[in-house]
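# Tertiary structure, described
These are the residues of each chain, in order.
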Amino acid sequence: MSEQENKKVIFSGIQPTGTFTLGNYIGAVSHWGKLQDEYNCIYSIVDMHAITVRQDPVKLRQHTLEAYALIMACGVDPKKSIAFIQSHVRTHAELNWILACSTQFGELSRMTQFKDKSAKHPDDVNAGLFTYPVLMAADILAYKADLVPVGVDQKQHLELARNVAQRFNSKYGELFTVPEPYIPKVGAKVMSLQDPEKKMSKSDENPNACIYILDEPDVIIRKFKRAVTDSDSEVRYAEDKPGISNLMSIYSVVTGKDYASIEREFEGKGYGDFKLAVGEAVSDHLKPVRDEFARLMADKAYLKECYTNGAQAALNISRKTVAKAYRKVGFVDSM
Ligand code: TYM
């Protein structure tokens, strides 16, 4: 990544909690590679966030490597962007503490994701789960990111990061850039295929609700064929047709067609034809990702070289911000 140019900074992250869903891909990761030429991009596999929910350590290690290979397979080029594993860069935990002391209990209590996750895991409502958005703010603010490409579900966390940055700046003097969300117009909230009122999520118990980007073509097509729609038969984008509208937005993203031309394409045809076409288009679109992922996973030495260099580059930037934050709050210089 060339820092000398006056490009804006982008930061984003994804949790290594299993293969990415089509929601992760369409809402966030598919954009990451496309932004690399125009911006200074920094992308992280946020393993520290993942342990706010109980994880099997063996699986977490495996999923972290896979997630790193997957963001590359989806287009992140570690020669153009900085791509690293969060726990490799100590500044995230350091800044997390500083920012936690500028975050209010009340604002964390209002986070809907905390409420949802604590309801889902009532036996493990740990402090990390509660302060999760502070670590996310540290991720972003450590690099003075201008823009954060995410799906709609992360908007509230981003709002909190903005408030924390502004509060710190007004308490201690200007340091952090106040980041803006970068949310795609289509596909910012991909819905479950089985309940189109609900977000598509890895943790859905119904295996047909969610497409994983490494699913085999026949599995993808089968899941789309079973997608819940409505009793009508017209392929039309409308608020009262959430199932069809969700499929149309997916089809639009993977084919580049707009809603009007999709409606024309399926005029007079039934939902069966449409669902099959969406399944095939998604499967074709993801084929290069599956192939590249397999290639990268077979070359662990190369992956290691990439994430080691990425961590070094990330540390070089973020330690300057953290050193300034330490000075601003009044810590004595250590060297
Ligand atoms: P995570 O790992 O849950 O999801 C990664 C990205 O995928 C998006 N996403 C979706 N987009 C559209 N439709 C869906 N159904 C869908 N499901 C997930 C998410 O919005 C996200 O952009 N807290 C973050 C990770 C994180 C982060 C950061 C992101 C940690 N630090 C700093 C940005 C900046 C998370 O849990 O994402």
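Residues numbered from 1 in each chain as written. Predicted model: local features only at pLDDT ≥ 70, side-chain atom pairs only at ≥ 80, totals over all residues. Heavy atoms only, no water.

Every second residue of strand S3 (residues 82–85) is oriented toward a common face, with Ile82 and Phe84 on one face and Ala83 and Ile85 on the other, all of them buried. As paired strands, strand S2 (residues 40–45) and S3 are joined by four bridges and run parallel to one another. Each residue of the ladder has a partner; that of Ser44, found in S3, is Phe84. (Buried < 20%, exposed > 50% of the residue type's maximum accessible area, 1.4 Å probe, protein only. Helix = DSSP H or I, 4+ residues; strand = E, 2+ residues; numbered from the N terminus. Pairing = 2+ DSSP bridges.)

Turning our attention to the nonpolar core. Grouped together as the largest cluster of nonpolar side chains are 58 residues, with contacts concentrated most on Leu22, Tyr68, Ile71, Phe224, Phe274 and Val282. At eleven residues, the largest contribution of residues to this core is made by helix H12 (residues 271–297). Core analysis: the second largest hydrophobic core is formed by 41 residues, Val89, Ile98, Leu158 and Phe176 among them. (Core = buried A, V, L, I, M, F, W, Y, C linked by side-chain atoms within 4.5 Å.)

Attention now moves to the site of the ligand. The full set close to the ligand counts 26 residues, and Gln15, Tyr132, Asp139, Asp153 and Val190 are the nearest of them. Tyr132 is positioned such that a nitrogen or oxygen atom in its side chain is 2.6 Å from an oxygen atom of the ligand. For the ligand, the protein covers 96% of the area, taking 710 Å² as the surface of the free molecule. Only strand S1 (9–14), helix H1 (22–32) and helix H7 (127–141) provide two or more residues apiece to the shell around the ligand. Here the residues of the shell around the ligand are counted per class, giving twelve nonpolar, ten polar and four charged. (Near = heavy atom within 4 Å. Polar contact = N/O pair within 3.5 Å; in protein donor to acceptor, adjacent residues only side chain to side chain. Areas by Shrake-Rupley, 256 points an atom, 1.4 Å probe, with all protein chains shown as cover. Nonpolar A, V, L, I, M, F, W, Y, C, P; charged D, E, K, R; others polar.)

As assigned here, the protein chain comprises domain 1 (3–187 + 300–329) and domain 2 (207–294). Just the C-alpha atoms count here: the centres of domain 1 and domain 2 sit 30 Å apart. Each partner contributes residues to the interface: domain 1 has twelve residues there, and domain 2 has 17 residues. Interface area for domain 1 against domain 2, summed over the two sides, is near 1300 Å², with a carbon-plus-sulfur share of 83%. The largest share of the area that domain 1 buries against domain 2 comes from Leu22, Tyr25 and Val186, three residues that together contribute 40% of it. Linking domain 1 with domain 2 are zero salt bridges, by the criterion used here. Our count for the domain 1 to domain 2 interface comes out at three residue pairs in polar contact (both at pLDDT 80 or more). Within the residue set of the side of domain 1 that touches domain 2, elements represented by two or more residues are H1 and helix H3 (57–73). When residues of the side of domain 1 that touches domain 2 are assigned to their parent elements, the largest contribution, four residues, is made by H3. Tallied by class, residues from the side of domain 1 that touches domain 2 come to nine nonpolar, two polar and one charged. (Domains from an automatic or database assignment. Contact = heavy atoms within 4.5 Å. Buried area = accessible area lost by both parts, 1.4 Å probe. Salt bridge = Lys/Arg side-chain N within 4 Å of Asp/Glu carboxyl O.)

Residue placement: Ser252 occurs in helix H10 (residues 242–255). Each residue touching Ser252, except ones within four places of it in the same chain, is listed here: Val186, Lys257, Tyr259 and Ile262.

To continue, consider the packing of aromatic side chains. Counted by the stated rule, this structure contains 13 aromatic pairs. Relative to Phe130, the ring of Phe105 has its centre 5.1 Å away and its plane inclined at 45°; by these criteria the two rings are tilted. Taken as a pair, Phe105 in helix H5 (residues 105–109) and Phe130 in helix H7 lie far apart in primary sequence, 25 residues in all. Taking the centre distance of 4.9 Å and the plane angle of 65° together, the rings of Phe266 and Phe274 count as edge-to-face. (Phe/Tyr/Trp six-rings, centres within 6.5 Å; stacked < 30°, edge-to-face > 60°.)

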